[in-house]
Amino acid sequence: MFDYESLRLIWWLLIGVLLIGFAITDGFDMGSAMLLPLIGKTDTERRVIINTIGPHWDGNQVWFITAGGAIFAAWPLVYATAFSGFYWAMLLVLFALFFRPIGFEYRSKMDNPRWRKSWDLGLCLGSLIPALVFGVAFGNLFLGVPFQFDELTRPTYTGSFFALLNPFALICGLVSVVMLAQHGAIWLQMRAGGAVVARAQHYANRLGYLLSVLMLVAGAIMVTSIEGYTISSPILSDAGSNPLSKTVIKTADWFANYDHYPLLWGLAGVCLILPLCVSLLAKINRPGWGFVVSSLSISSIILLAGSTLFPFVMPSSTSLASSLTLWDATSSQLTLEIMFWVAMVFVPIILCYTLWSYYKMWRRVEPEFIEQNSVSNY
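Please read these numbers as outputs of a predicted model, since none were measured by experiment. Residue positions within a chain follow its written sequence, with the count starting from 1. Totals for whole chains, interfaces and linings use all residues, but because this is a predicted model, local features are given only for residues with pLDDT of at least 70 and pairs of side-chain atoms are given and counted only at 80 or more. Each side-chain value is worked out from all heavy atoms of the structure, with water and hydrogens disregarded.

Draft legend 1. How the structure looks around the overall build of the protein chain. Numbering of helices and strands starts at the N terminus; helices are DSSP runs of H or I of at least 4 residues and strands are runs of E of at least 2. Across its full length, the protein chain holds 14 helices and six strands. Taken over C-alpha atoms, the radius of gyration comes to 21 Å for the protein chain, in line with the 21 Å a tight globule of 378 residues would show. Within the structure as shown, the protein chain displays about 17,400 Å² of accessible surface, and the carbon and sulfur contribution to it stands at 70%. The globule rule used for comparison is 2.2 Å times the number of residues to the exponent 0.38, while the radius of gyration itself is calculated over C-alpha atoms. Methods summary: accessible areas were calculated by the Shrake-Rupley approach with a probe of 1.4 Å, and residue burial reflects only the protein chains presented.

Right, dumping it as structure tokens:
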């Protein structure tokens, strides 16, 4: 039904949709947990925060698992290279995520202040570290990842974990953290009760300004000191996947796509404006609309990053020809076509179930409710 070129482009879009779905859904519970020590001043207030995300956090993880599975099946070379090259970073994310299910389930099982404060810290770090690492990983894609393929298309990674922690990547990591923290704050303003609401409103308002500043700094660094990549040989968009069959050269910056598609400049402007709109909506106490705009802000930032890299998925800094693009890193045409129809069936099911679960469990969590149901709640 679809030709190979169309399927490759479709799966680039679908993986982007899955990443956006993960960032929006898992983003608000990560952001809320990151702010747990700052917004929750008492044990009851912290339980209010936890119970706003308690019914949803595990279901939100489905988007993360689905996105990882889609990358494995649709972009096997990207999966193999990323998960071997970013091995220690992935382990750090995995170990950090261990704290989340245990923290949610066991945090309130014992009425012991030290026990509960320890799990509060675990929930905070278990959300902060993955958000930071994901942003750092995206930042390193713009710098190029030190890997290369041999004649049998076996990847060799020549970098180190600490090399990933360069200034530009750390700024991208901070963008990710602040973006999700604002998303979590506007969620808490919408769903929590008591004194939590005013503090959440404060952070939702202030973090928007910080996010816009951080993106301006990241953009300035990209313009002034980061080289881009471009394919100089003819693009064989319908040929078999062989990353070594092309020629790649470095360019002055990553803004070649902006010359071909000027609308990307408008998208960049939207990415700067939307966090400020969330701040304004938080200030005037419109958290429902603020959450919608925050979701659009996250979507636009991820879309801008992917469009700037396009058609590259993982550029190589040590062997330019080994750089992975959506034209030469995919599975076979048959695999992509089968997966497409599977996605057309199951992604809407996941989306509908997610929306239904939010609808059924949609209520504002008040401190009185926590105190009256102290045993049955998180």
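Draft legend 2. Structural detail: the environment of Pro 315. Mapped onto the fold, Pro 315 is located in the loop between β5 (312-314) and β6 (324-325). For the pair Pro 315 and Val 145, spaced 170 residues apart in sequence, the C-alpha to C-alpha distance is 6.1 Å. In this structure Pro 315 touches Leu 141, Gly 144, Val 145, Phe 147, Tyr 229, Trp 254, Leu 309 and Ser 323, once residues within four positions along its chain are discounted. Any two residues whose heavy atoms approach within 4.5 Å are treated as being in contact.

Draft legend 3. Spatial organisation of the confidence of the model for the protein chain. For the protein chain, the average pLDDT comes to 89, and 99% of its residues sit at 70 or higher. pLDDT is a residue-level measure of predictor confidence that goes from 0 to 100. Within the protein chain, helix α14 (residues 367-372) has the poorest average pLDDT of any element, 77, and helix α8 (residues 167-191) the best, 95.

Draft legend 4. Structural view of the pattern of salt bridges. By convention in these notes, a salt bridge is any Lys or Arg side-chain nitrogen within 4 Å of a carboxyl oxygen on Asp or Glu. Going through the model one piece at a time under the given rule, you end up with 10 salt bridges. The partner of Arg 116 in a salt bridge is Asp 43, and the shortest N-O contact between them spans 2.7 Å. Taken together, the positions of Arg 116 in helix α7 (residues 113-143) and Asp 43 in helix α3 (residues 43-53) put the pair 73 residues apart, joining distant regions of the chain. Connected through shared salt-bridge partners, Asp 43, Arg 46, Arg 107, Arg 116 and Asp 120 make up one network.

Draft legend 5. How the structure looks around the nonpolar core. Grouping buried Ala, Val, Leu, Ile, Met, Phe, Trp, Tyr and Cys residues that are joined through side-chain atoms within 4.5 Å yields what is termed a nonpolar core. Think of it in three bands: residues with accessible area under 20% of the maximum for their type are buried, residues over 50% are exposed, and the middle band is partly exposed, with areas taken using a 1.4 Å probe on protein chains only. Membership of the largest hydrophobic core comes to 108 residues, with the highest contact counts inside it found for Trp 11, Trp 75, Val 78, Trp 187, Trp 254, Met 314 and Leu 324. Setting aside chain neighbours within four positions, we find Trp 254 in contact with Leu 141, Phe 142, Met 222, Ile 226, Glu 227, Gly 228, Tyr 229, Thr 308, Leu 309, Phe 312 and Pro 315.

Draft legend 6. View of the packing of aromatic side chains. A pair of Phe, Tyr and Trp rings is counted when the ring centres sit within 6.5 Å of each other, with Trp represented by its six-membered ring. The angle between the planes then sorts it: under 30 degrees is stacked, over 60 is edge-to-face, the rest tilted. One pass over the structure, following the stated rule, counts 29 aromatic pairs. For the pair Tyr 87 and Trp 88, a centre-to-centre distance of 5.7 Å together with 80 degrees between the ring planes defines the contact as edge-to-face. Linked through ring pairs, Phe 142, Phe 168, Tyr 229, Trp 254 and Phe 312 together constitute an aromatic cluster.

Draft legend 7. Unusual backbone geometry, seen in detail. Cis geometry marks the peptide bond from Phe 310 to Pro 311, where omega comes out at 5 degrees. Position of Pro 311 among the secondary structure elements: in the loop between α12 (287-309) and β5. Even without being a glycine, Thr 153 presents a positive backbone phi close to 60 degrees. If you trace the backbone, Thr 153 turns up in the loop between β1 (147-149) and β2 (155-157). Even without a glycine there, the phi angle at Asn 285 is positive, about 65 degrees.

Draft legend 8. Spatial organisation of the packing of helix α1 (residues 4-34) against helix α13 (residues 333-360). Where helices are involved, their axes are fitted lines through C-alpha atoms of the stretch in contact, as for all axes, and angles between N-to-C directions lie from 0 to 180°. The interhelical angle for the contact between α1 and α13, taken along N-to-C directions, is 25 degrees, at an axis separation of 11 Å. Between α1 and α13, the interaxial angle falls into the category roughly parallel. Judged by the twist between their axes, the crossing of α1 over α13 is left-handed. Together, Tyr 4, Leu 7, Arg 8, Ile 10, Trp 11, Leu 14, Leu 18, Thr 25 and Phe 28 of α1 and Gln 333, Leu 336, Glu 337, Met 339, Phe 340, Ala 343, Met 344, Val 347 and Tyr 358 of α13 make up the contact between the two elements. Each residue gets one label: Ala, Val, Leu, Ile, Met, Phe, Trp, Tyr, Cys and Pro are nonpolar, Asp, Glu, Lys and Arg are charged, and the others, such as Gly, are polar. Here the residues of the contact of α1 with α13 sort into 14 nonpolar, two polar and two charged. Roughly parallel means an angle under 35 degrees; roughly antiparallel, over 145; roughly perpendicular, 65 to 115; everything else is oblique. Crossing handedness follows the turn of the near helix against the far one: under a right angle anticlockwise gives a left-handed crossing, and clockwise gives a right-handed one.

Draft legend 9. Quick look at the layout of surface pockets. Roughly 370 Å³ of volume is contained in the second largest pocket. Only protein atoms enter the 1 Å grid, on which a cavity is a set of points fitting a 1.4 Å probe that cannot get out and a pocket is an open set with protein on both sides within 12 Å along at least 5 of 7 lines, lining residues being those with an atom within 4 Å of a point. Considering the residues around the second largest pocket, the lining is formed by 17 residues, among which Ile 24, Thr 25, Leu 351, Thr 354 and Leu 355 are closest to the centre. When residues of the lining of the second largest pocket are traced back to their parent elements, those giving at least two are α1 and α13. Ranked by the residues each element gives to the lining of the second largest pocket, the list is headed by α13, at seven residues. Partitioning the lining of the second largest pocket into residue classes produces 14 nonpolar, three polar and no charged. Grid points are joined across faces, edges and corners, and a volume is the space filled by probe spheres set on the points.

Draft legend 10. Looking closely at the state of the cysteines. Cysteine sulfur atoms are paired as a disulfide whenever they come within 2.5 Å of each other. As enumerated under the stated definition, the model contains zero disulfides in all. Residue Cys 271 stays outside any disulfide, its sulfur separated by 12 Å from that of Cys 277, the closest cysteine. We classify Cys 271 as buried; its relative accessible area is 1%.

Draft legend 11. Layout of helix α5 (residues 76-85). Of the residues making up α5, those classed as buried are Leu 77, Val 78, Thr 81, Ala 82 and Gly 85. Summarising the axial view, the buried residues of α5 lie within an arc of 115 degrees, below the 170-degree limit, and thus occupy one face. Where α5 is buried, its residues contact α4 (57-74), α6 (87-106), β1, β2, β5 and β6. By definition, the arc is the one covered by directions from the helix axis to the C-beta atoms.

Draft legend 12. Quick peek at α8. By definition here, a helix of n residues has an expected span of 1.5 Å times n minus one. Between its first and last C-alpha atoms α8 spans 36 Å; for 25 residues at 1.5 Å apiece the expected length is 36 Å, and the two agree. Burial within α8 is extensive, with 22 of its 25 residues counted as buried.

Draft legend 13. Spotlight on the side chain of Thr 325. Here Thr 325 is to be found in strand β6. The class for Thr 325 is buried, based on a relative accessible area of 0%. Residues within four places of Thr 325 in sequence aside, it is in contact with Ile 231, Lys 246, Pro 311, Phe 312 and Val 313.

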